Amino acid sequence: QVQLVESGGGLVQAGGSLRLSCAASGRTFSNYAMGWFRQAPGKEREFVAAISWSGKSAYYTDSAKGRFTISRDNAKNMVYLQMNSLKPEDTAVYYCAATYTSYSGSRNLDEYAYWGQGTQVTVSS
């Protein structure tokens, strides 16, 4: 079992920045690739970014490229999502998730076995 707790969400103006954090506990954190997903009201949960077990590789959905950066600190059992140049369409509940079936992570939320409770991000125009 892996327990995940997100933090760092909030209200920010368009163009601003937020840094989301996800604290992991339980099994060996470095054995899991990690992902960030988001869900806006009335929409399906969607992939945002993923990072490999080692942290050496990462990839993003197109809308996040160049604005968001995923990173992890295996010594602290933490994963982060730095979000810059935020837009109103980034408003959503953001979730971190862990998968042990893929070294580099996945865009497919069904591959993630463990999920946090989510943190709300609201971007005002």
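Everything that follows concerns the structure shown earlier in this document.
Source: prediction; values computed, not measured.

Here's the deal with the pairing of strand S9 (residues 92–99)
- Across the 8 residues that make up S9, a large majority, 7, are buried.
- Bridging between strand S4 (residues 33–39) and S9 involves 7 bridges; their strand directions are antiparallel. Considered in S9, the bridge of Arg 38 is made with Tyr 94.
- In this sheet, strand S11 (residues 119–124) lies alongside S9 in antiparallel orientation, the contact comprising 3 bridges.

Here's the deal with the pairing of S11
- Along S11, the buried face is formed by Thr 119, Val 121 and Val 123; none of Gln 120, Thr 122 and Ser 124, which line the opposite face, is buried.
- Sheet topology places strand S2 (residues 10–13) next to S11; 4 bridges connect them, and they run parallel. Bridging from a neighbouring strand, Gly 10 pairs with Val 121 of S11.

A few points about the pattern of salt bridges
- Scanning the model with the defined rule gives 4 salt bridges in all.
- With a shortest N-O distance of 2.7 Å, Asp 90 and Arg 67 are connected by a salt bridge. Of this pair, Asp 90 sits in the loop between strand S8 (78–83) and S9 while Arg 67 is found in the loop between strand S6 (58–60) and strand S7 (68–73), placing the two residues 23 residues apart along the sequence. As far as the burial class goes, Asp 90 and Arg 67 line up, both buried.
- Here the salt bridges share partners, and the residues they tie into one network are Arg 38, Glu 46, Arg 67 and Asp 90.

Parameters and conventions
Residues numbered from 1 in each chain as written. Predicted model: local features only at pLDDT ≥ 70, side-chain atom pairs only at ≥ 80, totals over all residues. Heavy atoms only, no water. Buried < 20%, exposed > 50% of the residue type's maximum accessible area, 1.4 Å probe, protein only. Helix = DSSP H or I, 4+ residues; strand = E, 2+ residues; numbered from the N terminus. Pairing = 2+ DSSP bridges. Salt bridge = Lys/Arg side-chain N within 4 Å of Asp/Glu carboxyl O.

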